[in-house]
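Fold and contact review
Okay, here's what each chain looks like letter by letter:
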Amino acid sequence: MNHRHKPRHFLLLILLLIITVFSAVLAGFSSETDVGGFDYGEALSKSLLYFEAQRSGRLPHNQRVTWRDHSGLTDGLEQGVDLVGGYHDAGDHVKFGLPMAFTVTMLSWSVIEYGDSLAATGELSHALEAIKWGTDYFIKAHTSPNVLWAEVGDGDTDHYCWQRPEDMTTSRRAFKIDENNPGSDIAGETAAAMAAASIVFRSTNPHYSHLLLHHAQQLFEFGDKYRGKYDESLKVVKSYYASVSGYMDELLWGATWLYRATDNEHYMSYVVDMAHQLGGLSWAMSEFSWDVKFAGVQLLASMLLKEEKHKQHSKVLEQYKSKADHYLCSILNKNINGTNVQRTPAGLLYVRQWNNMQYVSTASFLLTVYSDHLRKSNTDLECQEGTVTPDEMLGFAKSQIDYILGSNPMETSYLVGYGPKYPIRVHHRGASIASFKEHKGFIGCTQGYDNWYGRSEPNPSVLVGALVGGPDDQDEFDDRRDNYVQTEACTYNTAPLVGVFARLIELEEQKLEDEDVSLVATYKR
């Protein structure tokens, strides 16, 4: 037997072992602000925990955020309907249907695009639980084909009080849309959420998937037939979640997701035939949010261009693509005529003062998804100021995420609970008062303001995984509980991050694989 090659193989193994150990040591010493020094797996796990902190209703036995307890157990009782469950949107206890539905749509889209990565990290089950907590509530809220309960509680009385959800004494009156009080925007978004979620549950829970799709189709038909803005029908939402963009984007958005969920040409025809009338081809956007869905519609529609079966729609789909490109180029600072999104001195996208991070997370998500689409089709993004490759697009999305996680002038993570420094006075009623589990004594409406709101101490409970509003246009951040413009977090801030974190985990793993292959190849030479 020939033994001549054994020492060489042995040396190769020793070399690989030394490099592996050395790399691990370096990783241990690398600072959190080093580019590539972030643990996206930890960030992903923590982001999904946040949704458990925002739960309303009877909490399950496997609840991991243990400082929370049951709340809102009589929601809907006044109106004779069961509306227990769902999510609080932010630091208060109103259940606003429009942002809640957008949250669920974005969580579902994250799973549709990056489900394999989520499964590999062991977080898929938590993502599915987060989605189902929302869709279970939507099923309850959609009590008949043309009725959707759009809100529980009202912002005015809720904001007058500072108390834990477990102690709530504020009004829990519920508000609905129907044929006489239309709300095409909230009907369209809830249809989108349920359609997207139906794709998520198709293989693991087909009966539930079918039920979601049934509700989505009914809601879309209702929203399309009885047109109107929900904030005109329900004045109570106007000061909090007014539908500034109107309902046209949500109707296109709902139809687009129903097409993805059903492959039914009826919905595809709607997206194409109604494109002009509903503004899908006229609005060139620089934001994507709970209110404005045009960029999402335009991006999803443009991704259909490569499919042979859509050849007859290519003219309209090309127009959608032109608008999608405008959005992406504005994010990447590659448009002319002053249509680029502003950036802070340290490079963070800056759309507006109040809760700016929501626009950063949605932009990062769309960039990530579209970069993957371009990579698969072996094409680049053509902007007025030059060509951008898929790798460059993903790289910019990564830079925004790294800023969020601590690579910024304040050297703070804006994802609560991640890293050595993060906001400790988050504007959040439940987290800022002693946990109900430890302090069962009732805390009244104004008692919370008197004894807890103005305290300079950190919140008693850490709102892990919450993405706060973030810094101002000069990268400055003031961690005060009353600074709600910067320190309040919302479910729709964190939801898009789930998909981006999952993709960045893939990117890091691919880099490690490439380095290993390169190392072996170098040694063999």
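Each value, and the rule that gives it
Residues numbered from 1 in each chain as written. Predicted model: local features only at pLDDT ≥ 70, side-chain atom pairs only at ≥ 80, totals over all residues. Heavy atoms only, no water. pLDDT = per-residue confidence, 0-100. Contact = heavy atoms within 4.5 Å. Pairing = 2+ DSSP bridges. Helix = DSSP H or I, 4+ residues; strand = E, 2+ residues; numbered from the N terminus. Phe/Tyr/Trp six-rings, centres within 6.5 Å; stacked < 30°, edge-to-face > 60°. Buried < 20%, exposed > 50% of the residue type's maximum accessible area, 1.4 Å probe, protein only. Axes fitted to C-alpha atoms, helices over the stretch in contact; angles between N-to-C directions. Parallel < 35°, antiparallel > 145°, perpendicular 65-115°, else oblique. Left-handed = near helix turned anticlockwise from the far one by under 90°. Nonpolar A, V, L, I, M, F, W, Y, C, P; charged D, E, K, R; others polar. Core = buried A, V, L, I, M, F, W, Y, C linked by side-chain atoms within 4.5 Å. Arc of directions from axis to C-beta. Patch = residues over 30% accessible without salt bridge, like charges linked within 9 Å, V, L, I, M, F, W, Y side chains within 5 Å. Areas by Shrake-Rupley, 256 points an atom, 1.4 Å probe, with all protein chains shown as cover. Salt bridge = Lys/Arg side-chain N within 4 Å of Asp/Glu carboxyl O. Lys, Arg positive; Asp, Glu negative; His and termini not counted. Charge placed at Lys NZ, Arg CZ, Asp CG, Glu CD. Disulfide = S-S within 2.5 Å. Polar contact = N/O pair within 3.5 Å; in protein donor to acceptor, adjacent residues only side chain to side chain. Expected span 1.5 Å × (residues − 1).

For the protein, mean pLDDT is 92; residues scoring 70 or higher make up 91% of the total. The model gives residues 1-36 a pLDDT under 50, and that stretch makes 21 contacts with residues more than four places away or in other chains.

Taken in spatial order, the 3 strands make up an open sheet running S1-S2-S3, and their pairing is antiparallel. On the outer flanks of this sheet lie strand S1 (95-96) and strand S3 (174-177), each paired with one strand and no other. Where S1 meets strand S2 (residues 148-152), 2 bridges bridge the pair, whose relative direction is antiparallel. Each residue of the ladder has a partner; that of Lys95, found in S2, is Val152.

Evaluated as defined, the whole model comprises 23 aromatic pairs. Each ring, one from Trp162 and one from Tyr449, has its centre 5.8 Å from the other, and the planes form 45°; the classification is tilted. Residue Trp162 is found in the loop between helix H5 (155-160) and S3, and its partner Tyr449 is found in helix H17 (residues 445-453); the two are separated by 287 residues along the sequence. Judged by its relative accessible area of 27%, Tyr449 falls in the partly exposed class. Look at Tyr403 and Tyr414: their rings are 6.3 Å apart centre to centre, the planes differ by 15°, and that puts the pair in the stacked class.

Turning our eyes to something else, we now look at the packing of helix H14 (residues 357-376) against helix H15 (residues 390-405). Relative to each other, H14 and H15 sit at 155°, their axes nearing to 8 Å. Overall, the two elements H14 and H15 adopt an arrangement that is roughly antiparallel. For the crossing formed where H14 meets H15, the hand is left-handed. On H15, the residues touching Met357, Val360, Ser364, Leu367, Thr368, Tyr370, Ser371, Leu374 and Arg375 of H14 are Pro390, Asp391, Met393, Leu394, Phe396, Ala397, Gln400, Ile401, Tyr403 and Ile404. For the contact of H14 with H15, the class distribution of residues is 13 nonpolar, 4 polar and 2 charged.

A word on unusual backbone geometry. You will see that Asn378, though not glycine, has its phi angle at about 55°, which is positive. Relative to the helices and strands, Asn378 is located in the loop between H14 and strand S6 (381-383).

The next thing to look at is the nonpolar core. Counting residues in hydrophobic clusters, the biggest one holds 151 residues, and the most contacted among them are Trp109, Tyr320 and Leu405. Grouped together as the second largest cluster of nonpolar side chains are 6 residues, Trp162, Ile443, Trp452 and Tyr453 included.

All right, on to H17 then. When we look at burial in H17, the residues that qualify are Cys445, Gly448, Trp452 and Tyr453. Here the buried residues of H17 occupy an arc of 75° about the axis, which is enough to place them on one side. Of the surrounding secondary structure, the elements contacted by the buried residues of H17 are H5 and helix H16 (429-432).

Here Leu251 lies in helix H10 (residues 248-262). Under the relative-accessibility criterion, Leu251 is labelled buried at 0%. Here Leu251 is in contact with Ser184, Phe220, Gly223, Asp224, Arg227, Tyr270 and Leu278, once residues within four sequence places are set aside.

Our next topic: a negative patch on the surface. Taken together, the side chains of Glu509, Glu513, Asp514 and Glu515 make up a negatively charged region of the molecular surface. Within the fold, Glu509 resides in helix H19 (residues 491-524). Note on Glu509: relative accessible area 43%, which makes it partly exposed.

Applying the stated criterion across every chain, the model contains 2 disulfides. By sequence-ordered numbering of the bonded cysteines, the protein has its disulfides arranged as 1-4, 2-3. We note that Cys490 lacks a disulfide partner, and the nearest cysteine sulfur, in Cys161, lies 20 Å from it.

If you trace the backbone, Glu287 turns up in the loop between helix H11 (265-273) and helix H12 (294-302). The exposure class of Glu287 is buried, given its relative accessible area of 13%. A distance of 3.2 Å separates the side chain of Glu287 from the side chain of Ser289, its partner in a polar contact. Within polar-contact distance, the side chain of Glu287 engages the side chain of Arg352 at 2.9 Å. Once you skip the residues sitting within four places of it in the chain, Glu287 turns out to touch Val292, Ala295, Tyr327, Val351, Arg352 and Tyr359.

Let's shift gears to the pattern of salt bridges. Following the criterion strictly, the structure yields 30 salt bridges and no others. For Lys229, the salt bridge is made with Asp231, and the minimal N-O distance between the two is 3.8 Å. Exposure remark for Asp231: the relative accessible area of 1% places this residue in the buried category. The partner of Asp372 in a salt bridge is Arg375, and the shortest N-O contact between them spans 2.9 Å. Taken together, the positions of Asp372 and Arg375, both in helix H14 and 3 residues apart, correspond to about one turn of that helix.

Before going further, it helps to spend a moment on helix H4 (residues 124-141). If you check H4, its first and last C-alpha atoms are 26 Å apart, about what 18 residues at 1.5 Å a residue would give, namely 26 Å. For H4, the full list of buried residues reads His126, Ala127, Leu128, Ala130, Ile131, Trp133, Gly134, Thr135, Tyr137, Phe138 and Ala141. Check the buried side of H4 and you find it contacts helix H2 (40-53), S1, helix H3 (97-120), S2, helix H6 (184-200) and helix H7 (206-225).

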